[in-house]
Amino acid sequence: MNDDDQRDQTPAEPAARPAAAAGPQPEPIKFFGTTWVNHDGNYALRRVGMAAASLVTAVAAAMLLRLSYEGLEIGNVGPFLSISVVVLFAIASSIAFAKTWDSFKQRPAPSSDEAALKGLKTIGFIGSLIAYFLRCFAEAPGEQLRRAEYERATAEFARRRSTRTGNPAARRPKRKK
């Protein structure tokens, strides 16, 4: 046997495992990951890119809706249906905008009506895209909410860690007076 054969038969070393970080970990934001914590990793470039992408998508969607409306006009469906479609999309977009904007500031309650409004938010997706676009000017969408939760969890973790002063079994019992 030569040296190459022996090298091939030796067991591979186990992959190095990352050390578990102490304390709470920040929750990643879609498209931003955890770069929002320290605003590193091209955070500003990602915000600009996501703002531009959401605006371009909203404009493309509006053009698609315009083509759909023109199709209704060509189909001569009547003014009532044409106006109803425009009003429906306007209302759905405004509700989707409001719900999306609120979701950046607070998490919905578990028993809230978010599941019931999922279809309405899908129809009014342009409103959601515009909310995302506008929020990218200030911060990553949802950053304020996640930062508050992360700072609260970090402070609580530090408070819990600071109260531990050693082995409680090694303490002397308190004297009775």
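Colleague: I'd love a proper account of unusual backbone geometry, names of residues and values included.
Modeller: Glycine aside, a negative phi is what most residues show, and trans is what most peptide bonds show. The backbone of His39 sits at a positive phi, close to 55°, despite the residue not being glycine. Topologically, His39 is positioned in the loop between helix H1 (3-9) and helix H2 (43-74). For His39, a relative accessible area of 44% corresponds to the partly exposed category. If you check the backbone angles, Asn42 has positive phi at about 60° while not being a glycine. Within the secondary structure layout, Asn42 lies in the loop between H1 and H2. Look at Asn42 and you get exposed, because its relative accessible area is 56%.

Colleague: Which residues make up a nonpolar patch on the surface, and what values go with them?
Modeller: On the surface, a nonpolar cluster with roughly 270 Å² of combined accessible area is contributed by Leu55, Val59 and Met63. Within the secondary structure, Val59 sits in helix H2. Owing to a relative accessible area of 43%, Val59 belongs among the partly exposed residues under this scheme.

Colleague: Describe helix H6 (residues 143-162), naming the residues involved and giving the relevant values.
Modeller: For H6, which comprises 20 residues, the first-to-last C-alpha distance of 28 Å matches the rise-based estimate of 28 Å (1.5 Å per residue) to within 8%. Within the span of H6, buried status applies to Glu143, Leu145 and Arg146. For H6, the arc enclosing every buried residue in end-on projection is 160°, short of the 170-degree limit, so these residues lie on one face. Away from the buried face of H6 by more than 90 degrees, exposed residues Arg152 and Ser162 are located. Against H2 and helix H3 (79-103) lie the buried residues of H6.

Colleague: Which residues make up the nonpolar core, and what values do they have?
Modeller: Formed by 13 residues in total, the largest nonpolar core has its most connected members in Phe32 and Tyr132. Elements that contribute at least two residues to this core include exactly H2 and helix H5 (125-138). In terms of residue count, the dominant contributor to this core is H5 (four residues).

Conventions adopted
Residue positions within a chain follow its written sequence, with the count starting from 1. Owing to the predicted nature of the model, reporting of local features is limited to residues with pLDDT of at least 70; listing and counting of side-chain atom pairs is limited to 80 or more, with chain, interface and lining totals taken over all residues. In computing side-chain properties, one takes all heavy atoms of the structure into account and sets aside hydrogens as well as water. What counts as a helix is a DSSP run of H or I of at least four residues, what counts as a strand is a run of E of at least two, and both are numbered from the N terminus. Whether a residue is buried, partly exposed or exposed follows from its accessible area with a 1.4 Å probe, protein chains only, as a fraction of its type maximum: under 20%, in between, or over 50%, in that order. Residues enter a patch when their relative accessible area is above 30% and they make no salt bridge; the linking distance is 9 Å between like charges and 5 Å between nonpolar side chains (Val, Leu, Ile, Met, Phe, Trp, Tyr). A 1.4 Å probe and the Shrake-Rupley method give the accessible areas. Residues count as covered only by the protein chains that appear here. Criterion for a salt bridge: a side-chain nitrogen of Lys or Arg within 4 Å of a carboxyl oxygen of Asp or Glu. What a helix should span is 1.5 Å times the count of its residues minus one. Arc, as used here, means the arc of the directions from the helix axis to the C-beta atoms. Throughout, a contact is declared for two residues whenever any of their heavy atoms are within 4.5 Å. In these notes, a set of buried Ala, Val, Leu, Ile, Met, Phe, Trp, Tyr and Cys residues joined through side-chain atoms within 4.5 Å is what counts as a nonpolar core.

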